[in-house]
Amino acid sequence: MALACSLKRRKNARTALSLLFANTLLAGGVGMMFSSVTYAEAAASETHYYNIPAGPLSKAINAFAAVSGMYLGGNSELLKSKNTQGFVGEYSAGQALDLLLIGTGLSYEAAEGRSIVLIDTESVSEGENGITMSPLLVREDKVVTTLGASTLNASEIESMAGETGNLTDLLRGNGAVRYSRSSSTSASSASMRPDEVSIHGQSHYQNSFVIDGMSANNDLNPGNSEDTYSNPINPSNLSMLSGSSSQSYYIDPDAVESVTVYDSNIPVEFGGFLGGVISAKLKRYDGEDYLSVKYGISKDEWDEMHADESLAGDMADGDSLEGEYTPEYLKQRYTLTGAQGITDKLGMTFTASRANSNFDQSYVKNIGNTVYGKQGISYDDTIDNLMARFDYKANQNLDIGVSILYANRYHDGVTNASYDSAFIKSHKASGISSEVIYNADSGILKTTFSYDEARDTLSSDDSEYIYHYADYYNGRWPYTGGYGNINQQQNTTTLKFDWLHKAFDVGSFKHTFRVGAELNRKKQFYQVEDKIVSENYQCVISRCGDTNSDGVIDYNDEYLRILNIIDANKLEKSSHSEGVYLSDTIENGDWTYYLGLRADYESTLGNLNFSPRFNVQWDVFSDNETRLITGANRYYGRDFFQYEVNSQLRSWRTTYRYNTNGTLNRFTSYSDNSFYDYDLDTPYSDELVFGVIQQVGNVDVTVKYVNRETRDMVTRSKTASGLNYYSNFGRSSTDTISLKIETRKPFEFGGTKTDGKFSISYQESKTNTLSDVSYEDEINSKQIYYKGNVIYNSQLPKSDFNIPFSIEFSTSTAIPDWNLVWANRINVESGGKIAQDTGDNYTDLSGNYDIYDDLEFNSLITLDTSFEWKPVVFKEVEGYFKLSINNVFDDYIDKSTNSGSYSYTLGRSTSVEVGMRF
């Protein structure tokens, strides 16, 4: 429930707010605040974890202010002889105040800066100078830092520098997060697909995405997530569609109220991940009706793209099918957001957006050294989003929220450089989630029910692909056709109960219990809509001859040599999982202990898994300024529909081989049920955490070490008969050391307010699965020669998401009098290395080995800057202008891994966004 939903409005509200701005005091001094009620309401929507016991309201108000960072004003007499029931949990400031003030007869109103005023209309006196109020003395400092969780709110997201087009863009600067080497390259400039992220060295598809309590993961085939503009499937053995994402929803950040990343010491209410949890909340109605329209644009003329000189010609012509060369593109974003009160108790927010990229490419049609011409392609890559949120406050004890989500990414493609049939690939997701929060005398019950569908489709112009040797003989292009239509989908239904019990004392120990249960039902399918047919024709006479003596060599002089048929079919699977969890937060003086246990059963692998979670915090000097934290936790990962699909699709394929006279030579059918021939364990990761959080004046300093040991990762290999065989041979080890410094409240200088954050992290990750799609790739036992030793190639450095050093320094400076925010971000990434086959051999008495050596990448330092201006255009109409310049100094490095690839980072890029808010 957002701040303004439970306000009692007054006629003289403006006078009250002006007076509050003048006389709101802080214990320790008076601070200059933003002259913007909108800022206060945005601040009130930030979520924090509260643990406020029952007791005097005056004491509870100070505890609330310390955590939320909100400044409170009002008549201090209002607090006398009033008590609160207390509460525990993660809430926005508005929700926390609703709980805090239950039964007190008080309400509140948004004010200037991060301020709110407590109201009792019977106790407020009004004279000719307006409403008279006494200041409430509250603690100045707020707890903004917790170990293992970090939150961005809507105002921070809107004004931050750098790319902010999707959810994973917002995670840059988090020391636990690493991006693929393929991200931020000139090659991907035109793509609309969100980047994948690895948290603490884990596979990028083993994160958990949550939106308003609803799981937002795509578990079809999230490992193969690179863009697919050609070869969308492998028709020889058939395969699942790639080029999707581990996210079901490509959510628009304009729809987001907050994003919280849990990377370590993750609570028991979260399961189904090896990396971390990325939890987003849609914007809530806060009592203000508005409509906002935005338009953003970027294009190749505003960007600097770089390539090796040997590739300059290909880049200029756009000679690529795989999105490698995008010399001409136009990216646009249209966004409509708004909020509307429907009744006194019901309000809604909504976001509708379209992000579109148009870019041109071409490819050369050649066989060997013979060129058959060049074909141009105009690609259209689009993401549509529709998000809506309804919040209903039934009474002081009952809140109901409903979230509706829809997202669809679709783009063109060409089957490949040979078979030139066009296709459209789409990733679509839609879902609904409801939250019912009941505030009982003894605790809070939250019930979440959700249903969503995630679907990938391939729609091709043709479902036959044909090769005619007679065309090749006559100098014509011999290939035609495409790979047909494929559908794959998952439908997920989830019911979750979460009970947070009111804190109670047992001797000198205070206990806060949380208990919950989660039920999931999932239905998935893979479908070939119509037969996929491959025909290979050869001449009856070797090198072709006029066999029917009609004077020409044409199709009548051919015979059908090989016919492959993949039957129209549908593989369906239903599965279920159940989870229960229990935790106890125990406080005893300066010590806080967290004890949790989660148990999960999932039917696909048939495993019952137990995840213990434990951490302890010591307030060293009893002033909350120096905190030591340590923890030991276990997390279990996810399973994927790909396992079963790979074990079934071969059985849909039949091959016919014919003689030159048309008679059948050989018939081959295939079978594959290897998925049922083995027993897989669920991958898990054990975590150790050590950290210290130190308050130094107006900043928090956090030092953290995290070790992750991951075991039983699923890998695939082939049996002697060619069947898929899965095993639990994969393992990895990751160490992350990080330092983070962030402001607790803005620094004030000359009418400006500046927030800042600095982070530096070092990560070392080792794995025996070189690919980042381990469930699709065999652990190779081949021996090689590397750095003076014969080793297995699975002992080589990790090939991707393996960036050792990452540094970020970001600032955001607000100039309230000008309605201007200037944001900057400096990024430093060490290059790291991968191992490559040099092409040379090493021979000793034990054998002959390929020699591998390190390919070192250079470090990259970039500066991103943005200017956000919100001028008052007309009465009650606010303008919006944002200029973003990324990589201001046009620095770039070569990320290419071989001489034939093009992978330079993008140079300077510019985007402009304009809009109006009514």
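Keep in mind that this is a model prediction, so the values were computed, not measured.

Draft legend 1. Focus on the overall build of the chain. Across its full length, the chain carries 8 helices and 51 strands. Among the 918 residues that make up the chain, the fraction classed as buried is 56%. Put simply, of all contacts in the chain between residues at least 6 apart along the chain, 71% involve residues at least 24 apart. Split by element, the accessible area of the chain, about 37,300 Å² in all, is 52% carbon and sulfur.

Draft legend 2. Region of the structure containing unusual backbone geometry. Of note, C544 is a non-glycine position whose phi angle comes to about 75°, a positive value. Considering the arrangement of structural elements, one finds C544 in the loop between β29 (532-539) and β30 (558-566). Its identity as a non-glycine residue notwithstanding, N819 has a phi of 55°, on the positive side. Relative to the assigned elements, N819 resides in the loop between β44 (805-815) and β45 (820-829). Residue N819 is classed as partly exposed on the basis of its relative accessible area of 37%.

Draft legend 3. Molecular detail of the packing of aromatic side chains. Scanning the model with the defined rule gives 26 aromatic pairs in all. On the numbers, 5.4 Å between centres and 80° between planes, the contact of Y205 with F640 is edge-to-face. Of this pair, Y205 sits in the loop between β12 (197-199) and β13 (208-211) while F640 is found in the loop between β34 (626-636) and α8 (642-646), placing the two residues 435 residues apart along the sequence. Across the pair, F640 and Y205 agree in class, each one buried. Ring geometry for Y229 versus Y379: centroids 5.1 Å apart, planes at 55°, classification tilted.

Draft legend 4. Summary view of the pattern of salt bridges. Taken as a whole and judged by the stated rule, the model has 36 salt bridges. Salt-bridge contacts for R333 lead to D252; the nearest nitrogen and oxygen are separated by 3.5 Å. Residue R333 is found in strand β18 (residues 329-341), and its partner D252 is found in the loop between β14 (214-215) and β15 (256-262); the two are separated by 81 residues along the sequence. Put simply, D212, R284, R389, D391, E435 and K446 are held in one network by salt bridges that share partners.

Draft legend 5. Up close: the pairing of strand β31 (residues 569-588). One ladder, built from 19 bridges, connects strand β28 (residues 509-528) with β31; its direction is antiparallel. Bridging from a neighbouring strand, V515 pairs with L582 of β31. Sheet topology note: the β31/strand β32 (residues 591-602) ladder contains 12 bridges and is antiparallel. The residue bridging D584 from the neighbouring strand is L595, located in β32. Connecting β31 to the next strand, β32, in antiparallel fashion are 2 residues, including G589 with a positive phi near 65°.

Draft legend 6. Summary view of the sheet that holds strand β36 (residues 664-669). A sheet is described by the order of its strands in space; here 6 strands give the open sequence β25-β24-β29-β30-β35-β36, paired in mixed fashion. In this open sheet, the two strands that pair with only one neighbour each are β25 (479-481) and β36. Neighbour to neighbour, the strand axes of the sheet diverge by 15° on average, direction disregarded. Bridging between strand β35 (residues 653-658) and β36 involves 5 bridges; their strand directions are antiparallel. For Y658, the partnering residue across the bridge sits in β36 and is L664.

Draft legend 7. Region of interest: a nonpolar patch on the surface. Where nonpolar side chains cluster on the molecular surface, the patch consists of L291, V293, L336 and F918 and spans about 300 Å² of accessible area. Structurally, F918 is set in the segment after β51 (909-917).

Draft legend 8. Representation of the state of the cysteines in the model. Scanning the model with the defined rule gives 1 disulfide in all. Note that C539 is cross-linked by a disulfide to C544, the S-S spacing being 1.5 Å. On the S-S bond that ties C539 to C544, the torsion sits near 50°, and the link is right-handed. One exposure class covers both C539 and C544, and it is buried.

Draft legend 9. Region of the structure containing the sheet that holds strand β43 (residues 789-792). Reading across from one edge, β43-β42-β47-β46 is the order of the 4 strands in this open sheet, with mixed pairing throughout. With partners counted over all chains shown, the strands left at the sheet margins are β43 and β46 (833-844), one partner each. If you compare each strand with its neighbour and ignore which way they point, the axes differ by 40° on average. With 4 bridges joining them, strand β42 (residues 783-786) and β43 adopt antiparallel strand pairing. Residue pairing in the sheet places Y785 in a bridge with V790 of β43.

Draft legend 10. The arrangement of the nonpolar core in detail. In terms of nonpolar packing, the biggest core is built from 29 residues, with L167, Y249, V259 and I278 touching the most fellow members. Contacts of I278, omitting those with residues within four sequence positions, involve L167, L171, V197, I199, S208, F209, V210, V259 and T260. I233, C544, I553 and I566 belong to the second-largest nonpolar core, a separate cluster that totals 27 residues.

Draft legend 11. Fine view of the environment of L274. When you line up the elements, L274 lands in the loop between β15 and β16 (277-282). The sequence separation of L274 and Q202 amounts to 72 residues, and the corresponding C-alpha distance is 6.3 Å. Once residues lying within four places of it in the same chain are set aside, the contact partners of L274 are Q202, Q206, Y635, Y636, G637, P683, Y684, S685, R708 and T710.

Draft legend 12. Quick peek at the pairing of β15. Counted residue by residue, β15 has 7 buried out of 7 residues, so it is predominantly covered. As paired strands, strand β10 (residues 149-153) and β15 are joined by 5 bridges and run antiparallel to one another. Within β15, the position partnered with L152 by the bridge is V259. Looking at chain direction, β15 and β16 are connected through 6 bridges and run antiparallel. Residue Y262 lies in a different strand from β16, and its bridge partner there is V277.

Conventions and cut-offs
- Residues numbered from 1 in each chain as written.
- Predicted model: local features only at pLDDT ≥ 70, side-chain atom pairs only at ≥ 80, totals over all residues.
- Heavy atoms only, no water.
- Helix = DSSP H or I, 4+ residues; strand = E, 2+ residues; numbered from the N terminus.
- Buried < 20%, exposed > 50% of the residue type's maximum accessible area, 1.4 Å probe, protein only.
- Contact = heavy atoms within 4.5 Å.
- Areas by Shrake-Rupley, 256 points an atom, 1.4 Å probe, with all protein chains shown as cover.
- Phe/Tyr/Trp six-rings, centres within 6.5 Å; stacked < 30°, edge-to-face > 60°.
- Salt bridge = Lys/Arg side-chain N within 4 Å of Asp/Glu carboxyl O.
- Pairing = 2+ DSSP bridges.
- Axes fitted to C-alpha atoms, helices over the stretch in contact; angles between N-to-C directions.
- Patch = residues over 30% accessible without salt bridge, like charges linked within 9 Å, V, L, I, M, F, W, Y side chains within 5 Å.
- Disulfide = S-S within 2.5 Å.
- Core = buried A, V, L, I, M, F, W, Y, C linked by side-chain atoms within 4.5 Å.

Remember, this is a structural readout, not a statement about activity or role.
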